[in-house]
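Okay, here's what each chain looks like letter by letter:
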Amino acid sequence: MDQLQTINQVVEELNSSERTKLLYLCGSFETEHSTESLKELLGHKVLHDDTGQLLLGELMVRLRRFDILRKVCKTTRDEVERTLSSRHFVPKFRVLMANISEDLASDDLNSLKFLLSQVLPREKLEKSKSFLDVVIELEKLDKVSSHSVDLVEECLVGIGRLDLTRKVSAYKKSAPLQGQERQLQMYIWQQYINPSIISYFTSPLGHFLHHFALISCRKHTNLFIQRSELSGEIYTGCQCFICLGWNQLESYRFTSNPRGGCLIIDCVGNDGDLLEQTFKALQFRVVVHKWLGGDQILPAIKETIRQRQYTEGDAFVCCIISRGTSNHLLGTDSCITGLPVDSVSQQFTAKGCPALAGKPKLLFIQRYNVAECQPHNWREHQDEDLETDGFNGHTTVDSIPENADVFWSHCWTDEHQLEEGPHFSAYLKALTDALLKGQRRNKHITDLHTEVNGVIYEHNSRNPGATYHIDLKHTLRKNLYL
């Protein structure tokens, strides 16, 4: 009876958020509870186990309710922590998730929920009021568990909470592998990632061995190409060692926070918000311009890249959504005027923007084709120092822009799609999905675009009257991993 009274008093002393956290720490998947149901759960945990009192003491420490320890449980924080130094009664995984939940601000939570929009149903995300609610839904789907926290780690990286990422990484290192998993990990390590191989990575032979190691690992176990608890850990470790020896010197720096500036020009009004959410989630500093005329697009670009806050990161992104012809972007105008497509990339040369020299510039254009017409002599209104490189948006073998460090993805489809009710670009949807997933998987930018190509190919097969065409060109001098 004394223990039961203690449990009842403990629950009554807690506020609503503390009760929710207690419920999670006790192993429940419920997000809604009554006081009586919590008393019943806690009673079952404490009264039916010889270590029940120790569990109750640890729970109060995890909740930081040291007053309850003293007044109700008749013990002290020091006594409980001495016990915890040698033995824990609450799973470390649940303690970690609960602590992360407390440290996440509401803006962080919203960004994290956006990153998970392709993993959890929309109604579940809308219902989730805390990180614990999100984690519970992920656990129900077996996306996250005590042995698999990669998704949580990737999302925390995605929202820029590197302090919390380090806590997850520390947990992963301390979590013991199962016997069979450890044997497989050691086998792969000894076979393919031993020091005798690593020592060659800085030599010409290392370039070959880099590819050989990855191909051999993929060949001998599908753990490298199928997501599982072990594959993420081994593949990340394998890739990391290889990068240290060879690829790290060949990759763009992409670690600043914010990552860089992102300019979005939406002259159509349908997908600008999607792009804004995506690049904010990718930790870019975003500026959006809507409903610009053709003669306003170039000044908007120039004004943005003149501002230090948008050029001081590791990269720059420019997205343009506009009606246009094969050679011109019209903005909100008709055929009266237009911006030559080739002039966009010219703004990002070392001469045009010295602050971005040597940094990757990612340009994404969604063009809705209108009937060809005879444009006015737009060059009369251009700046005298504007140069063009003859790039007209059509794919030819020799048509490669001369500007260094530029990644250019240009998609076009027919304007009639905008006349058929609310329309959202299949290209931009595929692109944003690939970018968000690619950040979690640390994929190369060209591999991500290959995924976009695959989505568009399937879309065109299903919708022959609404096809999209993509032109990809780049002059990247190094590897770019999100």
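Rules used in this analysis
- Residues numbered from 1 in each chain as written.
- Predicted model: local features only at pLDDT ≥ 70, side-chain atom pairs only at ≥ 80, totals over all residues.
- Heavy atoms only, no water.
- Helix = DSSP H or I, 4+ residues; strand = E, 2+ residues; numbered from the N terminus.
- Buried < 20%, exposed > 50% of the residue type's maximum accessible area, 1.4 Å probe, protein only.
- Contact = heavy atoms within 4.5 Å.
- Areas by Shrake-Rupley, 256 points an atom, 1.4 Å probe, with all protein chains shown as cover.
- Pairing = 2+ DSSP bridges.
- Polar contact = N/O pair within 3.5 Å; in protein donor to acceptor, adjacent residues only side chain to side chain.
- Core = buried A, V, L, I, M, F, W, Y, C linked by side-chain atoms within 4.5 Å.
- Phe/Tyr/Trp six-rings, centres within 6.5 Å; stacked < 30°, edge-to-face > 60°.
- Lys NZ or Arg CZ within 6 Å of the ring centre and 35° of its normal.
- Salt bridge = Lys/Arg side-chain N within 4 Å of Asp/Glu carboxyl O.
- Disulfide = S-S within 2.5 Å.

Draft legend 1. Molecular detail of the overall build of the protein chain. A count of helical and extended segments in the protein chain gives 21 helices and eight strands. Evaluated residue by residue, the protein chain yields a buried proportion of 51% over its 482 residues. In the protein chain, once contacts between residues fewer than 6 apart in sequence are set aside, the share between residues at least 24 apart is 73%. Here the protein chain displays about 23,900 Å² of accessible surface, and carbon together with sulfur accounts for 50% of that area.

Draft legend 2. Structural detail: the pairing of strand 7 (residues 406–414). Along strand 7, eight of the nine residues are buried, which leaves the element largely enclosed by surrounding structure. Inspection of the sheet shows strand 7 paired to strand 8 (residues 469–474) by six bridges, in the antiparallel sense. Paired with Trp-408 across the strands is Lys-473, a residue of strand 8.

Draft legend 3. Main features of the side chain of Ser-425. Inspection of the secondary structure puts Ser-425 in the loop between strand 7 and helix 20 (426–441). For Ser-425, the side chain forms a polar contact with the main-chain nitrogen of Leu-428, separated by 3.0 Å. Among all residues touching Ser-425, those that are not within four sequence positions of it are Asp-271, Gln-366, Tyr-368 and Tyr-468.

Draft legend 4. Here's a closer look at helix 4 (residues 52–62). Burial analysis of helix 4 places nine of its 11 residues in the buried class, the great majority of the element. Taken as a whole, helix 4 has its buried residues at Gly-52, Leu-55, Leu-56, Gly-57, Glu-58, Leu-59, Met-60, Val-61 and Arg-62. Elements that come into contact with the buried residues of helix 4 comprise helix 1 (2–13), helix 2 (16–25), helix 3 (35–47), helix 5 (66–71), helix 6 (77–84) and helix 7 (92–103). Once helix 4 ends, the next one or two residues include Arg-64, with phi positive near 60 degrees.

Draft legend 5. Spatial organisation of the nonpolar core. Among the nonpolar cores identified, the biggest contains 93 residues, and Leu-42, Met-97, Ile-100 and Phe-279 are the most heavily contacted of them. The dominant element in this core, judged by the number of residues it contributes, is helix 20, at eight residues. Residue contacts for Leu-42: discarding those within four places in its chain leaves Ile-7, Val-10, Val-11, Leu-22, Cys-26, Leu-56 and Leu-59. Among the nonpolar cores identified, the runner-up in size contains 25 residues, and Leu-298, Ile-320, Cys-353 and Leu-356 belong to it.

Draft legend 6. Structural view of unusual backbone geometry. Across the junction of Asn-257 and Pro-258, the peptide omega takes the value 5 degrees, indicating a cis bond. Take Pro-258: it is sitting in the loop between helix 16 (229–245) and strand 1 (260–266). Although it is not a glycine, Lys-74 adopts a positive phi angle of roughly 55 degrees. Along the chain, Lys-74 turns up in the loop between helix 5 and helix 6. Classification of Lys-74 as exposed rests on a relative accessible area of 67%. Positive phi outside glycine occurs at Asp-405, with the angle close to 65 degrees. With respect to the helices and strands, Asp-405 occurs in the loop between strand 6 (361–369) and strand 7. Taking relative accessible area as the criterion, Asp-405 reaches 3% and is therefore assigned buried.

Draft legend 7. Here's a closer look at the environment of Gly-52. Within the secondary structure, Gly-52 is located in helix 4. Its relative accessible area of 1% is what places Gly-52 among the buried residues. Placed 49 residues apart in sequence, Gly-52 and Gln-3 show a C-alpha to C-alpha distance of 9.7 Å. Not counting residues within four places of it along the chain, the set of residues in contact with Gly-52 comprises Lys-45 and Val-46.

Draft legend 8. The arrangement of the packing of aromatic side chains in detail. This model, assessed by the stated rule, comprises five aromatic pairs. Between the aromatic rings of Phe-279 and Phe-284, the centroid separation amounts to 5.7 Å while the plane-to-plane angle is 85 degrees, which identifies the pairing as edge-to-face. Of the two residues, Phe-279 and Phe-284, both sit in the buried class. Here a set of aromatic residues connected by ring pairs shows up, and it is made of Phe-254, Phe-279 and Phe-284. If you follow Arg-94 out to its NZ or CZ, it ends over the ring of Tyr-24, 4.1 Å from the centre. Across the ring face of Phe-254, the terminal group of Arg-259 is positioned such that the distance to the ring centre comes to 5.7 Å.

Draft legend 9. Main features of the pattern of salt bridges. In total, this model carries 27 salt bridges according to the counting rule given. Sharing partners across several salt bridges, the network here consists of Glu-12, Glu-36 and Lys-39.

Draft legend 10. Fine view of the pairing of strand 4 (residues 328–331). Both faces of strand 4 are covered, namely the face carrying His-328 and Leu-330 and the face carrying Leu-329 and Gly-331. Inspection of the sheet shows strand 3 (residues 315–324) paired to strand 4 by two bridges, in the antiparallel sense. Within strand 4, the position partnered with Arg-323 by the bridge is Gly-331. What sits between strand 3 and strand 4 in their antiparallel hairpin is a turn of three residues. As paired elements, strand 4 and strand 5 (residues 339–340) share two bridges and run antiparallel to each other. When the bridges of strand 5 are listed, Leu-329 appears paired with Leu-339.

Draft legend 11. Inspection of the state of the cysteines at higher detail. Within the structure shown, the criterion is met by zero disulfides. Unpaired in terms of disulfides, Cys-319 finds its nearest cysteine sulfur in Cys-262, a separation of 4.7 Å.

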